[in-house]
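# Geometric and topological summary
Chain by chain, the residues:
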Amino acid sequence: MDKQNSRFRWVVFATVLFTYLLMASQRTAPGLITDQVMRDFQVNAATIGLLTSIQFLVYTGLQIPMGMLADRYGPNFFLIVGAILTGIGTILYSLGTHEFVLFFARILTGTGDATIWVNMVLILGQWFNRKEFVRLIGLAGMTGSLGFLLATVPFSAWISFLGWRAAFFSAGLLLCLCGLLLYLVLLKKTKQLSLTDTVSAKNEISRENTLTLVRRIFSNRQVWALFCCHFGVVGAYVGFIGSWAVPYGMMVYDMTRSDASQFIMVGLMGALIGAPLASWISSRLGTIKRPYVLVHILTLLGWISFLFFHGIPPVFMLYLLFFIIGFGFGASALTFALVRQTFPINEAGIVSGVANTGGFLSAVLLPCIFGFVLDHFQSGLGNVGDGYYYGFVTPVVFSIIGLMGIIFIREKRLVREIE
């Protein structure tokens, strides 16, 4: 039976997205315990920034190799292993007694996390036709935002109830069980049902030398435009939420941890709305670029507003700013709609990997830059508010790069294909 005509494809969809939900939550969940880790392990802000960045660094470095491997060998195996590695890394993080253990745990988590998005995009491409894919990619993006949402008030309450170590241990155990569930759904049950791919690109890929393929992809201007586009709209938000958002609310606005988590949740609500809404608008208009340009402009204006108010906007305005920035992050799923639109299926993995590398390279850079800036001002040269003010220059610059990327993207109109 054809995968794209099987009802079982919705079981695959639900299983993969549930795994993505949990894995995405562990990208930012450590930000809830930043001050506790600093106190328990006697580390400074720069070390916390590096600890946050190491996961994104590993994730970023593996995106292109993962895309190539997934294109050549298929995405199922790598997604299963990735879920288990993320679970093991989270468990080790909960058991760590030294900062080196924490770094190793985040490296494992980053390795597992690196498998999820590229392989998920390819799996959805195998199980759903083009019309379904354009709309479902928005739901996939929304699931990632739900994972970040899970890592705010719900996981904060779980930490308060169990303590941070037990909370992270339970999350890691659940991720390992997700790996087992993926094996049963993607491999065992699919084989039992004798489901086949509608399009198989394996033989087509094997004919082209890997070095030739890499050279051709990296010399394509469209690929670099997608890289910059994702760089600007993803990393600034993910990097800030994952490390400094909760401390920002606590130190600058004197909020409690719970209040700061609730406040940041507004941005995640924007992301939840942005992913499906941007996808729906693009499908209705028959264009991805035009609404995506507007998204980048709004995101840039949001970060600029932090500088306009010297890093301390009025509390009521912060709701709007984080909503706008979160909306932009959610809409970043359109990057991969552009990949599917302009590249053949047998190259979707590596191009998606390059684009995703852009987004998470900025997520690697931002926490480190923010941490060094804050350490500079906390060492007696200024106050915390000034540190955050100068730190916000970084996401502004990143957003400008993203806007330039989407402007240079060449789009094919798909109004007849997707409706």
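Residues numbered from 1 in each chain as written. Predicted model: local features only at pLDDT ≥ 70, side-chain atom pairs only at ≥ 80, totals over all residues. Heavy atoms only, no water.

## A look at the overall build of the chain
Looking only at helices and strands, the chain has 21 helices and 0 strands in total. Relative to the globule expectation of 22 Å for 419 residues, the C-alpha radius of gyration of the chain, 21 Å, shows essentially globular dimensions. Counting all 419 residues of the chain, 60% fall into the buried class. Sequence separation of at least 24 residues holds for 86% of the intrachain contacts in the chain that already meet a minimum separation of 6. Working note: accessible area of the chain is about 16,400 Å², and carbon and sulfur atoms make up 68% of it. Positive and negative side-chain charges in the chain, numbering 28 and 18 respectively, have mean positions lying 11 Å apart. (Helix = DSSP H or I, 4+ residues; strand = E, 2+ residues; numbered from the N terminus. Rg over C-alpha atoms; globule rule 2.2 N^0.38 Å. Buried < 20%, exposed > 50% of the residue type's maximum accessible area, 1.4 Å probe, protein only. Contact = heavy atoms within 4.5 Å. Areas by Shrake-Rupley, 256 points an atom, 1.4 Å probe, with all protein chains shown as cover. Lys, Arg positive; Asp, Glu negative; His and termini not counted. Charge placed at Lys NZ, Arg CZ, Asp CG, Glu CD.)

## Structural notes on the nonpolar core
For soluble globular proteins, nonpolar side chains are generally found buried alongside one another. Grouped together as the largest cluster of nonpolar side chains are 122 residues, with contacts concentrated most on Tyr93, Trp117, Phe240, Tyr248, Phe306 and Tyr388. Of all the elements, helix H12 (residues 221–243) adds the most residues to this core, at 13 residues. Setting aside its immediate chain neighbours within four residues, Phe306 contacts Tyr248, Gly311, Ile312, Pro313, Leu318, Leu321, Phe322, Ile325, Tyr389 and Phe392. (Core = buried A, V, L, I, M, F, W, Y, C linked by side-chain atoms within 4.5 Å.)

## Examining a nonpolar patch on the surface
Where nonpolar side chains cluster on the molecular surface, the patch consists of Phe18, Leu95, Phe169, Leu173, Leu174 and Leu177 and spans about 550 Å² of accessible area. When residues of the nonpolar patch are assigned to their parent elements, the largest contribution, 4 residues, is made by helix H9 (residues 164–192). Take Leu174: it is sitting in helix H9. (Patch = residues over 30% accessible without salt bridge, like charges linked within 9 Å, V, L, I, M, F, W, Y side chains within 5 Å. Salt bridge = Lys/Arg side-chain N within 4 Å of Asp/Glu carboxyl O.)

## Re helix H13 (residues 245–252)
With respect to burial, H13 is a largely interior element, 6 of its 8 residues being buried. All buried positions along H13 are accounted for by Ala245, Val246, Pro247, Tyr248, Gly249 and Val252.

## Some thoughts on the packing of aromatic side chains
With the rule as written, the count across this model stands at 33 aromatic pairs. Aromatic side chains Phe77 and Phe78 sit 5.6 Å apart centroid to centroid with 75 degrees between the ring planes, which places their arrangement in the edge-to-face category. Taking the centre distance of 5.4 Å and the plane angle of 65 degrees together, the rings of Trp224 and Phe227 count as edge-to-face. Note that Trp224 and Phe227 are positioned in helix H12 at a spacing of 3 residues, about one turn of the helix. You can call Phe227 buried: its relative accessible area is 13%. Among the aromatic side chains, those forming a connected cluster through ring pairs are Phe240, Tyr248, Tyr253, Trp303, Phe306, Phe322, Phe370, Tyr388 and Phe392. (Phe/Tyr/Trp six-rings, centres within 6.5 Å; stacked < 30°, edge-to-face > 60°.)

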